[in-house]
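Here is how the chains run, residue by residue.
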Amino acid sequence: MAVPVEEAIAALSTFSLEDEQPEVQGPAVMVSAERAATDSPIEYSDVAAYRLSLSEDTKALNQLNTLIQEGKEMASILYTYRSCVKALPQLPESMKHSQADLYLETYQVLDLEMSRLREIQRWQSSASAKLAADMQRFSRPERRINGPTVTHLWSMLKLLDVLVQLDHLKNAKASIPNDFSWYKRTFTQVSAQWQDTDTMREELDDLQIFLSTRWAILLNLHVEMFRVNKYPFVEDILQVLIVFIVESLELDFALLFPERYILLRVLPVLVVLATPSEKDTEALYKRVKLNRLINIFKNDPVIPAFPDLHLSPAAILKELSVYFQKFSSQTRLLTLPAPHELPPREALEYPFIFLYCSRHYLIVNHIGALRAEHDDFSIRFASSMNQLLLLKSNDGAYTEWCREVKGNMYDMVVEGFQLLSRWTARIWEQCAWKFSRPCRDAAETQETSGSYSDYEKVVRYNYTAEERKALVELVGYIKSVGSMLQRCDTLVADALWETIHAEVQDFVQNTLATMLRTTFRKKKDLSRILSDMRTLSADWMANTRPEHEMPSSQHGGDESKANFFYPRPVAPTAAQVHCLQFLIYEVVSGGNLRRPGGFFGNNGSEIPVNDLKQLETFFYKLSFFLHILDYSASIGILTDLGFLWFREFYLESSRVIQFPIECSLPWMLIDYILEAQNSGLLESVLLPFDIYNDSAQQALVVLRQRFLYDEIEAEVDHGFDIFVSRLSESIFTYYKSWSASELLDPSFLFALDNGEKFSIQPLLGRTINLRSLIAQRMNKFFRENLEFLFDRFESQDLCAVVELEKLIDILKHSHELISQDLTIDPFSLMLNEMQENISLVSFSSRLATQIWSEMQSDFLPNFILCNTTQRFVRSSKVPPTQKPSVPSAKPSFYCGTQDLNAAHQSFARLHSGFFGIPHLFSIVKLLGSRSLPWLIRALLDHISNKITTLEPMISGLQEALPKSIGLLSFDGGVTGCMRLIREQLNWGTKSELKSEVLRGIKEIGSVIYTMGLLDIVLREVDTKRFMQTAPWLGLIPGAEGQIVNAQEGESPLVNLLKSATSAVVSSPGCLNPAAFYTMSKQAEAADLLYKANMNGGSVLEYTLAFTSASLDKYCSKWSAPPKTGFIDITTSKDFYRIYGGLQIGYLEEITVPQSAQHEVLGDSIAWGGCTIIYLLGQQLHFELFDFSYQVLNVSEVETVSASHTHRNPQILQGWEGLLEGMKKARRLNNHVFSMLKARCPLEDKTACAIKQSGAPLPRVRFENTVSAFETLPQKGTVG
């Protein structure tokens, strides 16, 4: 027994819904199990309650809606159909005996697909019959039922649209008849052994006719509509549909763009179906002028049908005219050009070929207006949201301002829906236009010629750079506005519902009341309809208001008679909207389908113009209400751009499994953003990925094909990996350019402006942390960049160390900038990894090893010193060392951009031709305190090894000396002296040995001079560090230049941290006092450590002490004590004598024209020889007995004598060059000795010094300076 409704409601009111859980507001959408709210989730079953005699109409409406849903599923099957024949295996000749089994297996596979096609054939036959019957029901001459309602008209049009699309898909899919022919062949083979196959053969024949006949579905519908002329007035309903479509298109009645495309797709078909005879044609064109149809077809020559399929009204009319002979006489319609029939010259100027065309297909022509629309709407929507939030925060009474704010929000939402609809429609239409006009010169626009698929011609090569940019912008506008509307769903829900409630109640309670009192007072039939409208939609409960609230406002009519109602968030149902639209149409037209003037025309109507206008306005608002109430679903439809990915038709025509990612339009947009390097577009780089979300949603929910989703997912995985890599590279390049421009000399600076944004992006149901992915790529880029810089340095000489340091500084600064936005590995860790210097016990590194290798193999042997400039330069007489080729890399691995690379290269070239102090600064900075001592020790060992190597060579030169070499005589002059020297130093057979000794001494000198430069660099670095730490340590300069403490006791650093620790620990809020005590102790340790390192040692002094210790092993051979106890002048073969002979021979060689000796040895030879002489205590001997010094003395005496005796001034002619070289050598030697005396004084080491009596002093050990290391080899004291 059924429970009465009143009792059920009373029982529900007794339930308590209170609990301790917080109240959560859900999405503002109607609860629906399967369909959207616009389709009436209860299938209009509540219409019967309003007693409007719409039962048959409602029943038919529900049947049509069911057919529409089924038809969409059929269309999905057809659109996603892929040929099965391509996957069939081909049997080799050896397996021909298994042909029968192959046929059977093939038949079983194809039979499943053919069963779906048979189902589509049966469904279209049933749907055509039901649609024809529905049309015939409203085409009877006598009016027996009410209807059709506007909702019913829309259902008819939607079902007709589904049939048109099915027919179009069946005509376009070539794989279907191919599979069917194979299926029929296999059926013939396997059915030979079957019985009673006649029925199956008949079904096959029917299916073959259905698949092979173009427009078979429309022809079948036409047959059903005009069967046996039983219903001669069926043209009336067709004309009503045409009038409804024309008015809706002209008035832009459709809020959502899919509704507009439905009207455009079915209009040409209805025009053809509605002209079975000349009489019907004349009747149609009386109601709808032909020019109106032509203008519609001209304004929309291309209509989107499926993602990669389009329809052309002109092409449909021409093709259907073959099957409908009566329509072939409509020449004006048949002469409309289809898009593919436009001449190329006119197509380039499209859409201006039609003078009155109001819709332009190319977005690039309208992007300025679209940008203005977006900016204006965003500002006004944000303002409206602020007003609404302010209203929600105000708990005051309901006022007129509240109504205004909520009404303004409703208007903004409607405007937002309209903008989204227009913008998405523009993308649909541009795509359809591109598909209809493929690029015909793809090969000419590309560097490489070859064959291109049809899909590449319509997508890949059919969009210019400007068109891609405009499309990216528009996609960004759609997604941003859609996201903005979706985020405020729950905030605006009450405002929207209250505004809709207020609009409906204002119309039915006030506007209709005024009409009933005035216009329709004496018209009982119309008054009854208006009363029905008030009965089914008036909310009389809203007239009751809380006592504390004032009346809100007055709505329509006289102020004294207007009803006041309290707006409530209660919206009308789909059935109420359905009934209201029907009743308004009944009032206006009286249910006469043949009424001229259209739906709201005023031809013969007794309704005043103002009232008619009010009815028309409210009629169109009713349709908007349902879309606004279905808020989230409407936004989803309007922002769905998944169609940009699908390409099923072209996959079939191109006979490929799938196109490469370069042909995918979503990826083309992403690729353009990354290539354009436009900071404005780069902010929208993630938005095109939302297209993949939309396409995946369509694949799973709409098309219901898993294989499509798998293909989308595969492309997304591949594309996103490329995207992250290229985006990371762009970000890396940007920060590299930024840091390079900051570190570059100001004369090279230029403006750079860019920006990056990161976010967490949802993609195919997965939340992707883009920051984390980019951080991983950044770590990889930094390591690869360091590896490249080291490889590049290893392929160059030591002079490139300055460039290496600058590039690493740029990379380090880039790391600092990126670290402000991303969490990446520390730069020191990555640098140590690339230098292979991770171990705590490893003091060498890849860079230190390479620097030492370059010094040993190239720098010391091949570079010569210029003492004046304090630089080493490569000898031009030494062949260049063979090195690996310099690796090439992207500009981002240098400085970021080509311009910055050029600027830094010009700076690097300034230091590429020499080696000096700048290079040592770079070495000190790159190696640091960990690896620099290792390099110093390696250089010192090189000195020791060279001395050991020179010992046998010098012994050989000592043996070649004559037993006695006396002092040069002044009698023979310079010429005689030189002849005597050549006779005594007869090393002709020892030339090779002499060259080796010179090169060895030169290398020793180069190391010692390098150590001197390094000492200068380290002192400057230490001074800078001291200036930074001295204030914290409390150190100040004293009166005599010494360092003294500014105050007694602890340093400022220790005092600061101790006082801070005391203050923090004494606070009761301190949670971890131990940490502050630890910091205080660490400050004391740091104070001791820095004060202990204030007095750093001298590298040069250490080098000299080490060299002296190394020479001690050969003192007996190179500095032998005289046997007689007196200075041995003639028979001495000490080192100074060997070096003197080598020096004068070397000086004599460099004076010879075109001699390369000086360009091979340089000034390092003097530093090496003089240092050894000085450390052996032979400086005085060298200055007394050196051959070149004696020659200079002779020349001076000879010159003075010549001036006194007035002899020939040309007496020294021929020796000027040699004498000048000797003077330069003496000046250089004096400079070296003076430096050695300053840095390594010999007050306590006057080995073999000469007393006034001429007796030599025994050699004694001298005490090293304070800065010398205690680990030096100790020497015994000689008594």
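None of these values were measured; they are calculated from a predicted model.

Rules and cut-offs
- Residues numbered from 1 in each chain as written.
- Predicted model: local features only at pLDDT ≥ 70, side-chain atom pairs only at ≥ 80, totals over all residues.
- Heavy atoms only, no water.
- Helix = DSSP H or I, 4+ residues; strand = E, 2+ residues; numbered from the N terminus.
- Buried < 20%, exposed > 50% of the residue type's maximum accessible area, 1.4 Å probe, protein only.
- Areas by Shrake-Rupley, 256 points an atom, 1.4 Å probe, with all protein chains shown as cover.
- Phe/Tyr/Trp six-rings, centres within 6.5 Å; stacked < 30°, edge-to-face > 60°.
- Lys NZ or Arg CZ within 6 Å of the ring centre and 35° of its normal.
- Contact = heavy atoms within 4.5 Å.
- Expected span 1.5 Å × (residues − 1).
- Pairing = 2+ DSSP bridges.
- Core = buried A, V, L, I, M, F, W, Y, C linked by side-chain atoms within 4.5 Å.
- Patch = residues over 30% accessible without salt bridge, like charges linked within 9 Å, V, L, I, M, F, W, Y side chains within 5 Å.
- Salt bridge = Lys/Arg side-chain N within 4 Å of Asp/Glu carboxyl O.
- Lys, Arg positive; Asp, Glu negative; His and termini not counted.
- Charge placed at Lys NZ, Arg CZ, Asp CG, Glu CD.
- pLDDT = per-residue confidence, 0-100.

### Topic: the overall build of the chain
Then, in step 1: In terms of helices and strands, the chain carries 47 helices and 8 strands.
Then, in step 2: When each of the 1279 residues of the chain is scored for burial, the buried share is 52%.
Then, in step 3: Working note: accessible area of the chain is about 60,900 Å², and carbon and sulfur atoms make up 54% of it.

### Quick notes on the packing of aromatic side chains
Then, in step 1: Considering all chains together, one arrives at 47 aromatic pairs under this definition.
Then, in step 2: With centroids separated by 6.5 Å and ring planes inclined at 40 degrees, the aromatic side chains of F180 and Y183 adopt a geometry described as tilted. Of this pair, F180 and Y183 both sit in helix 5 (residues 175–190), separated by 3 residues, roughly a single helical turn. Take F180 and Y183: they sit in the same class, and that class is buried.
Then, in step 3: Between F435 and Y650, the ring centres sit 5.5 Å apart and the planes meet at 25 degrees, which makes this aromatic pair stacked. Placement of the pair is F435 in helix 16 (residues 400–436) and Y650 in helix 25 (residues 648–654), with a sequence separation of 215 residues.
Then, in step 4: Residue F435 is classed as buried on the basis of its relative accessible area, which comes to 9%.
Then, in step 5: One aromatic cluster is present, built from ring pairs that chain together Y1114, W1118, F1135, Y1139, F1182, Y1189 and F1233.
Then, in step 6: For the cation-ring pair, R647 lies above W645, with the distance from its terminal atom to the ring centre recorded as 4.4 Å.

### Side note on the side chain of T186
Then, in step 1: Tracing the backbone through its elements, the reader meets T186 in helix 5.
Then, in step 2: If sequence neighbours within four positions are ignored, T186 has contacts with Y103, T106 and Y107.

### Some words on helix 31 (residues 801–819)
Then, in step 1: A rise of 1.5 Å per residue sets the reference length of helix 31, with its 19 residues, at 27 Å; its end C-alpha atoms lie 26 Å apart and thus fit the reference within 8%.
Then, in step 2: Of all 19 residues in helix 31, 15 are buried, a share of seventy percent or more.

### Concerning the pairing of strand 6 (residues 871–874)
Then, in step 1: By the bridge criterion, 4 bridges tie strand 5 (residues 863–866) to strand 6 in an arrangement that is antiparallel. Bridging from a neighbouring strand, F863 pairs with R874 of strand 6.

### Description of the nonpolar core
Then, in step 1: With 355 residues, the main nonpolar core has I427 and F723 as its most contacted residues.
Then, in step 2: The element best represented in this core is helix 35 (residues 917–960), accounting for 17 residues.
Then, in step 3: The next biggest cluster of nonpolar side chains, apart from the first, holds 5 residues, and it includes Y361, L362, A432 and W433.

### A closer look at unusual backbone geometry
Phi is mostly negative for residues that are not glycine, and the peptide bonds are mostly trans.
Then, in step 1: We note that W215 has phi near 60 degrees; this positive angle belongs to a residue other than glycine.
Then, in step 2: Checked against the element boundaries, W215 lands in the loop between helix 6 (198–212) and helix 7 (216–225).
Then, in step 3: The buried category is assigned to W215, whose relative accessible area is 2%.
Then, in step 4: One non-glycine residue, Q870, lies in the positive phi region at around 60 degrees.

### Focus: a nonpolar patch on the surface
Then, in step 1: A surface patch of nonpolar side chains, amounting to about 250 Å² of accessible area, comprises L700, V701 and V702.
Then, in step 2: The topology assignment puts V701 in helix 28 (residues 689–702).

### Observations concerning the environment of L251
Then, in step 1: As for its placement among the helices and strands, L251 is situated in the loop between helix 8 (234–250) and helix 9 (257–273).
Then, in step 2: The contacts of L251, once residues within four sequence positions are left out, are E616 and Y620.

### Some points on a negative patch on the surface
Then, in step 1: Together, D196, D198, E202, E203 and D206 give the surface a local cluster of negative charge.
Then, in step 2: Relative to the helices and strands, D198 resides in helix 6.
Then, in step 3: Of the residues examined, D198 reaches a relative accessible area of 55% and is grouped as exposed.

### Some words on the confidence of the model for the chain
Fine structural detail should not be taken from predicted coordinates in areas where pLDDT scores are low.
Then, in step 1: The predicted model of the chain averages 79 in pLDDT, with 79% of residues at 70 or higher.
Then, in step 2: Every residue in residues 545–560 is under pLDDT 50, and counting partners more than four places away or in other chains gives 27 contacts.
Then, in step 3: The low-confidence segment residues 1244–1279, where pLDDT is below 50, has 51 contacts with residues more than four positions distant or belonging to other chains.

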